[in-house]
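# Results of the structural survey
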Amino acid sequence: MSGKAIARTTEQCELGEGARWDDRRAELLRVDILAGRVFRDTVSDDGALIPVQIHRVPGTVGAVAPVHDDEGWVLATDQGFSYLHPDGTVRALGDVAPDWTRMNDAACDPQGRFWAGTVAYDQRPGGGSLYRLDSAGKTQVMLDGLTTSNGLGWSPDHRTMYLIDSGPRVIHAFDFDPDEGTIANGRLLVEVSEEIGSPDGMTVDAGGDLWVAIYGGGRVQRYSPAGALREEFFAPAEQTTCCAFGGPGLHRLYVTTATEHWTDEQRRAQPAAGLVYSFETDATGVPAARFRPDPIWWADVVS
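Below you will find a few notes about this structure.

Calculation criteria
- Residues numbered from 1 in each chain as written.
- Predicted model: local features only at pLDDT ≥ 70, side-chain atom pairs only at ≥ 80, totals over all residues.
- Heavy atoms only, no water.
- Pairing = 2+ DSSP bridges.
- Helix = DSSP H or I, 4+ residues; strand = E, 2+ residues; numbered from the N terminus.
- Axes fitted to C-alpha atoms, helices over the stretch in contact; angles between N-to-C directions.
- Core = buried A, V, L, I, M, F, W, Y, C linked by side-chain atoms within 4.5 Å.
- Buried < 20%, exposed > 50% of the residue type's maximum accessible area, 1.4 Å probe, protein only.
- Contact = heavy atoms within 4.5 Å.
- 1 Å grid on protein atoms, 1.4 Å probe; cavity = no way out; pocket = protein on both sides within 12 Å on 5 of 7 lines; lining within 4 Å.
- Points joined across faces, edges and corners; volume = space filled by probe spheres on them.
- Nonpolar A, V, L, I, M, F, W, Y, C, P; charged D, E, K, R; others polar.
- Phe/Tyr/Trp six-rings, centres within 6.5 Å; stacked < 30°, edge-to-face > 60°.
- Salt bridge = Lys/Arg side-chain N within 4 Å of Asp/Glu carboxyl O.

## Let's talk about the sheet that holds strand 5 (residues 49–56)
Here 4 strands make up an open sheet; going across it, the order is 2-3-4-5 and the pairing antiparallel. Looking along the sheet, the strands with just one partner apiece sit at the ends: strand 2 (16–22) and strand 5. Direction aside, neighbouring strands of the sheet carry axes that sit 20° apart on average. Two strands pair when backbone bridges link them, and strand 4 (residues 37–43) and strand 5 are joined in this way by 7 bridges, in the antiparallel orientation. Note that in strand 5 the partner of V43 across the bridge is L49.

## So, the nonpolar core
Membership of the largest hydrophobic core comes to 23 residues, with the highest contact counts inside it found for W211, V220, L253 and F279. Mapped onto this core, the elements with two or more residues apiece are strand 22 (240–246), strand 23 (252–257) and strand 24 (276–280). If we ignore the near neighbours within four places in the chain, the residues touching F279 are G3, K4, A5, F233, F234, A235, H251, R252, L253 and V255. Core analysis: the next-biggest nonpolar cluster, separate from the first, contains 18 residues, A63, A116, Y131 and V301 among them.

## A look at the pairing of strand 20 (residues 219–223)
Burial of strand 20 is extensive: 5 of the 5 residues sit out of reach of the surface. Side chains R219, Q221 and Y223 of strand 20 all project onto a buried face; the interleaved residues V220 and R222 project onto the opposite face, where all are buried too. Hairpin connection between strand 19 (residues 210–215) and strand 20: a loop of 3 residues separates the two successive antiparallel strands, and G216 in this loop has a positive phi of roughly 85°. Linking two consecutive strands that pair antiparallel, namely strand 20 and strand 21 (residues 229–234), is a turn of 5 residues; a positive phi of about 95° is found at G227 within it.

## A closer look at the sheet that holds strand 13 (residues 139–146)
Strand order in the open sheet formed by 4 strands is 10-11-12-13, and the pairing between neighbours is antiparallel. Two strands bound the open sheet, and with one partner strand each, they are strand 10 (101–108) and strand 13. Each strand axis lies, on average, 25° off the axis of its neighbour in the sheet, ignoring direction. Note that strand 10 and strand 11 (residues 114–120) share 6 bridges and pair antiparallel. The residue bridging M103 from the neighbouring strand is T118, located in strand 11.

## Side note on the layout of surface pockets
Within this model, the largest pocket holds a volume of roughly 540 Å³. For the lining of the largest pocket, a count of residues per class yields 21 nonpolar, 6 polar and 5 charged. Volume-wise, the second largest pocket comes out at about 380 Å³. Every element with two or more residues in the lining of the second largest pocket is listed here: strand 10, strand 11 and strand 18 (198–204).

## Details of the packing of aromatic side chains
Two aromatic rings are characterised by how far apart their centres lie and by the angle between their planes. On inspection of all chains with the given rule, the structure shows 11 aromatic pairs. On the numbers, 6.3 Å between centres and 85° between planes, the contact of F291 with W297 is edge-to-face. Residue classification places F291 among the buried residues on the basis of a relative accessible area of 0%. Site record: aromatic cluster; members linked through ring pairs are Y83, F291, W297 and W298.

## Points about the pattern of salt bridges
One pass over the full model with this rule turns up 19 salt bridges. Linking E11 and R37 is a salt bridge whose minimum nitrogen-to-oxygen distance equals 2.7 Å. Taken as a pair, E11 in the loop between strand 1 (6–7) and strand 2 and R37 in strand 4 lie far apart in primary sequence, 26 residues in all. Between R222 and D282 there is a salt bridge, with its nearest N and O atoms 2.9 Å apart. Here D282 lies in the loop between strand 24 and helix 2 (295–302) and R222 lies in strand 20, a separation of 60 residues in the sequence. On the basis of relative accessibility, which here comes to 64%, the residue D282 falls in the exposed class.

See below:
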């Protein structure tokens with residue numbers, strides 16, 4: 001157990017999520033899923049977040065990723081995918097999921113494909129799936145039978161993909177084929193006890209350790225690639241949701257939190273909830289992988 005949480009924002013998010021480091025502009029990206037907001041912040045040398053822009057998206061927004069050779073971002077929105085232009089306009093790229101579900105967490109693999117999971121609005125077991133958006137704009141269901149498809153990450157050698165299913169409180173590992181963008185040989189890596197909470201968003205550091213936000217547990221847990229718990233970092237907010245390394249040197253861990261389903265009275269009573277926190281660590285993170293679209297298809301999207 002180490003590290004002290006430092007609050008870096010003052011506004012409470014309802015469902016703060018999706019922290020990512022965009023190295024194109026040296027900005028920390030994050031979302032407020034249910035409010036449909038995408039936040040962009042620069043980071044000062046001492047770790048403070050300096051607001052750049054808040055983009056409002058129609059409906060929900062589960063995650064955001066930078067686009068290679070483009071100034072905009074790809075989003076997991078409502079039941080599909082969208083493109084967010086730097087001027088704030090949003091263009092739908094197509095729906096893929098049933099209307100009784102919504103997109104949740106998402107991330108690009110190291111080769112630039114965008115993977116996004118879903119959750120049913122009633123969070124029914126088996127109602128979630130994992131989709132992949134490839135460079136040509138084609139989508140495919142890669143895994144179904146999930147409950148709350150959540151955090152995604154890849155090992156430094158690109159040979160293992162990690163996926164969190166928050167409903168059963170587990171972290172899966174899969175063999176990953178970087179050339180084909182396929183997964184195989186799924187296995188249970190970690191199961192978090194109900195007393196601790198539920199694994200939510202995650203990031204993988206440059207050394208291969210998994211950093212996992214524990215929803216309901218007010219903490220981030222650091223696991224080895226073999227699934228051994230190494231460290232815990234505690235935040236003064238029960239609903240810790242996602243984490244990403246950001247800032248100079250990528251040593252500082254930023255953690256999003258939530259006030260999901262809370263009343264206004266609860267939010268006033270617990271002003272430390274729903275904020276973004278940072279921790280000093282001995283680890284080094286990696287920037288968010290970028291979506292790498294085919295230039296011919298993408299020219300039609302951004303025109």
